[in-house]
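Observations on the model geometry
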Amino acid sequence: MFHTSMTAVILLLSCCWMSVALAADDASFDDPEVGHFAVSSSSGKKCLLLDIAARFSVQYVKSDNTTAEVSYALPIDSVATGTCASTLGKKADISLGFFTGYPNFGIKMEFERDILAVRPRFWLSALTVYHTLDPSIFPDAKYVNQTTPNQIDDMHEFETSTSKSYLCKANATFNLGYPVTQPLAFVIDYIKVQPFDVHKQEFSASEECPQDHGLSTLPAESTTAPVTTPTPRGIPVGNFSLKNDQGEVCLLASWGVRFNIEYETQDSGTGTAQFVLPVDSNVAGACEDNFATLSLNFDNGFDLTAIFQSNGKKFDIANVALIYKESLPHFPSSKHPNKTTTVSAKGLNLFLVDVGKSYLCKSKQSLEINANVTLEIIDWQVQPFAVKNGTFGDAMECALDGMTTIIPISNATTILPTNHTTINPTNHTHTVGPSTNQTTPGPTNHTHTPLPPSTTHIPTPGPPPGEPKQGHYQLKDKTQVCLLADMGLQFTASYTKKNKHTGKGVFNVPVRASASGTCGDEQSSLTLTFYAEGQFNVTFDFHKSAKGGGKTKYHVASISLTYTEIPSIFPGSMTPNKAHTVSNSSLTVFPADQDRSYKCDADVHVMITKDVDLLVRQVHVQPFGVKKGQFSSAEECSQDSKGGPSYGLEIGLGVGLAVILVGLGVFWYIRRRAAKKYRKMESVLGPE
């Protein structure tokens, strides 16, 4: 028994030593072996397949406080465990343990999928790497046998169709640890993975990564100037139609569309992709009594979907959704080649047309899906209901055709599709958007005007942000500006770290945050959305107060904030990537008369909750009564009207002067009393 145990220990140490020795042998270490792993369901059938060759480079602190680095390969005899996805499950994972056993050394790969999307996809959503400072692998380690997990959440890598496997022979490097722990690099030299829909216990056909085709080897731009694809000379107009089960035309549409999409380039600059909707796009969709959808697929990964709804008398467009892939030639030098993105705009209120008629607009319209995606539309005519004889009915023309200026349609919000249905695959396809029982569209005063296309990426790790810069935001009601807000915003949120201590996460609202909201007679609201895919947003609700003293006033009655504990802002969080929503609905800030604006150059601090504080700098707002797109005369805050920063000095000087005067008075009174007493004593004693 002792001999068997000693043999196992010797083999383990030998394995570890050989793994470390591989770091010195570049030829062999750069070509690790491919291991074959699988996760099985309770019935014994394989539900997740993974072939992988990978290596690790781990930095650690030695006992003399210097830094060393050790590299080792992922053993092909690692032990695989994991979780299978249910039939409609969204997540699956696989863990590989090795050396002294999981979790002392190992990796965990988590995958997610969207089975309700137009084209169901899966991707690597999280990666965790474990290692232990075993002295046989990490010589002279300062923290002997300390086990460290390093994790990356909210990933979107290896994206592939759920019906296929993902294959990539090119290197993929994931950097973990820093700045919370020592840096660790996990390098995948080869991977083939299928976490969902495994049939016959073997890989399905593979979708290869773009790197294997040389699509990511384009030279980086020599400068950070924006990259723009060649602008199409014109916007071709395509004619599209759908037929119902009886073979009758049930939906007609003709339009020309140009896409303008901002994206991140390899040198971390910004590029603009411009391309048009092909007139020969594949047509799919569905026709129902009160609901219709038109989907146009093109270029192997692009899909433009328009969704219409009706209450039986009128119809409007409820949603426009776009799926696009950052592929060549549309996205040259993309930092995320072949990444697929879905964006959607709901509650558009672009038109309201009688059923049986068509909507016609020959003028160019600019439809902002979100801060990065804009559609230019020309010669648009559509009829999704009550089509007769396969031809358009009488047309209701848009107001733009009677104008000489082009007015952007700018009331779109970035809300991903939440309801998808497959209908009759022969001539119908997905629907994306609200349920079929929706009727009359909402009030027309719900609107927003985002700033010009921009990207507010999640900040990278680094020092806390500096002073908040003043952003300029506005909302429009149809064509008129109805709300103005200039202000710099900085939030400070307390959070609990892994060591149980309290940390402070500080973040500014970017000046190019996307603005949305509503304008009303009694209430208005402004929402600023920022950082990747709306993980952060803040909403200001303005209310008018009851009339009193002859004038109606307004104020901010509520502020709500949604944020996520991302590692770059909340390092070492005990609950990384946890989402929070906080609000304070008992506020009375930024008060002013209804026909005036509110202005304050001094800093304003607002406590949202005991853990979240808001600093507002250089605020100038007007949520009601905006005329000609300009602020009305301003009501200044008390700090400004009383001299701002010097007001405190004036008070200090006044108090000081008062103290001096009181002191002098007391001194004079004492002297006078003393003088009287002295004279009385003289009179008593009398002359000598």
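How each quantity is defined
- Residues numbered from 1 in each chain as written.
- Predicted model: local features only at pLDDT ≥ 70, side-chain atom pairs only at ≥ 80, totals over all residues.
- Heavy atoms only, no water.
- UniProt positions renumbered as here; feature names shortened; annotations may be inferred.
- Disulfide = S-S within 2.5 Å.
- Helix = DSSP H or I, 4+ residues; strand = E, 2+ residues; numbered from the N terminus.
- Phe/Tyr/Trp six-rings, centres within 6.5 Å; stacked < 30°, edge-to-face > 60°.
- Buried < 20%, exposed > 50% of the residue type's maximum accessible area, 1.4 Å probe, protein only.
- Lys NZ or Arg CZ within 6 Å of the ring centre and 35° of its normal.
- Salt bridge = Lys/Arg side-chain N within 4 Å of Asp/Glu carboxyl O.

The name given to the protein in an unreviewed UniProt entry is Lysosome-associated membrane glycoprotein 1-like, and the organism recorded there is Branchiostoma floridae. Under the UniProt heading Sequence similarities (unreviewed entry), the entry covering the protein gives this text: "Belongs to the LAMP family."

**Considering the state of the cysteines**
Under the counting rule described, the total for this entry stands at six disulfides. At a sulfur-sulfur separation of 1.8 Å, the disulfide partner of Cys47 is Cys84. Between Cys47 and Cys84, the S-S torsion sits near -60°, and that sign places the bridge as left-handed. Of the two residues, Cys47 is situated in strand E2 (residues 46-61) and Cys84 in the loop between strand E4 (79-83) and strand E5 (91-97); the sequence distance between them amounts to 37 residues. Two residues share a disulfide in this structure: Cys482 and Cys519, whose sulfurs sit 2.0 Å from each other.

**Describing the packing of aromatic side chains**
Under the counting rule described, the total for this entry stands at 37 aromatic pairs. With a centroid separation of 6.5 Å and 40° between ring planes, the pair formed by Phe507 and Phe530 is classed as tilted. With a gap of 23 residues between them, Phe507 in strand E32 (residues 502-508) and Phe530 in strand E34 (residues 523-530) connect regions that are remote in the sequence. The pair Phe507 / Phe530 is uniform in exposure class, with both members buried. Counting every residue linked through ring pairs, the aromatic cluster contains Phe259, Tyr263, Phe275, Phe298, Phe302, Tyr324 and Phe331. Above the face of the Phe624 ring, Lys544 is positioned so that its terminal group lies 4.8 Å from the ring centre.

**Let's talk about the pattern of salt bridges**
In total, this model carries 15 salt bridges according to the counting rule given. The partner of Glu376 in a salt bridge is Lys364, with the nearest N and O atoms 3.4 Å apart. In this pair, Glu376 is assigned in strand E26 (residues 373-383) and Lys364 in the loop between strand E24 (358-361) and strand E25 (365-368), connecting sequence segments twelve residues apart. Look at Glu376 and you get buried, because its relative accessible area is 15%. Residue Lys364 is classed as partly exposed on the basis of its relative accessible area of 31%. Between Asp611 and Lys610 there is a salt bridge, and its shortest N-O distance comes to 3.3 Å. For Asp611, a relative accessible area of 33% corresponds to the partly exposed category. The exposure class of Lys610 is exposed, given its relative accessible area of 71%.

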